[in-house]
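Observations on the three-dimensional arrangement
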Amino acid sequence: MPSVAEQLNKIVDKTERLIELCAALQEENDLLKLESEALTVALDASKAKTKELEEKLRVLKLAKSFSETNEKSLDIKQKINDFVQEIDKCIVLLKK
């Protein structure tokens, strides 16, 4: 049976190992906290960039819809002008 001094030495050794392990775990925990904060900042920046790009996309879609409407309006005006010219030709022929 081990003596009390040997048991006490084993307890002291195990306690020292536990203290070292605790310190190592604390250091790892601190590093993980820093990494987590960095990732949170990166995520926030990505969300802001995504929001900005979504807003630009919305504006571009809106501008495109106005552009298409303007082109459609020009096409309609041209068709109306063509019809008016045809009607004028018909009126001239009817007057003869």
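Refer to the structure above for everything that follows.
Let me begin by describing the structure that accompanies this report. As the structure is a computational prediction, the values presented were derived from the model and not from experiment. (Residues numbered from 1 in each chain as written. Predicted model: local features only at pLDDT ≥ 70, side-chain atom pairs only at ≥ 80, totals over all residues. Heavy atoms only, no water.)

**A few points about the overall build of the protein**
When helices and strands are counted, the protein shows one helix and zero strands. Scaling as 2.2 N^0.38, a compact globule of 96 residues should have a C-alpha radius of gyration of about 12 Å, whereas the protein reaches 41 Å, well beyond that. Once the C-alpha set of the protein is aligned to its principal axes, its extents read approximately 135 × 20 × 5 Å. Each of the 96 residues in the protein was classed as buried or not, and the buried ones make up 0%. Per element, the accessible surface of the protein, about 9,200 Å² overall, is 64% carbon and sulfur. Once the 17 positive and 19 negative side-chain charges of the protein are each reduced to a mean point, those two points are 15 Å apart. (Helix = DSSP H or I, 4+ residues; strand = E, 2+ residues; numbered from the N terminus. Rg over C-alpha atoms; globule rule 2.2 N^0.38 Å. Buried < 20%, exposed > 50% of the residue type's maximum accessible area, 1.4 Å probe, protein only. Areas by Shrake-Rupley, 256 points an atom, 1.4 Å probe, with all protein chains shown as cover. Lys, Arg positive; Asp, Glu negative; His and termini not counted. Charge placed at Lys NZ, Arg CZ, Asp CG, Glu CD.)

**Things to note about the pattern of salt bridges**
In total, this model carries three salt bridges according to the counting rule given. The shortest N-O distance in the salt bridge between E55 and R58 comes to 2.7 Å. Of this pair, E55 and R58 both sit in helix α1 (residues 4–95), three residues apart, roughly one helical turn. Ionic pairing is found between E86 and K89, a salt bridge with its closest N-O pair at 4.0 Å. Highlighted residues: E86 and K89, both in helix α1, separated by three residues, approximately one helical turn. Given the relative accessible area of 44%, E86 is considered partly exposed. (Salt bridge = Lys/Arg side-chain N within 4 Å of Asp/Glu carboxyl O.)

Scope: geometric values only; no functional claims are made or implied.
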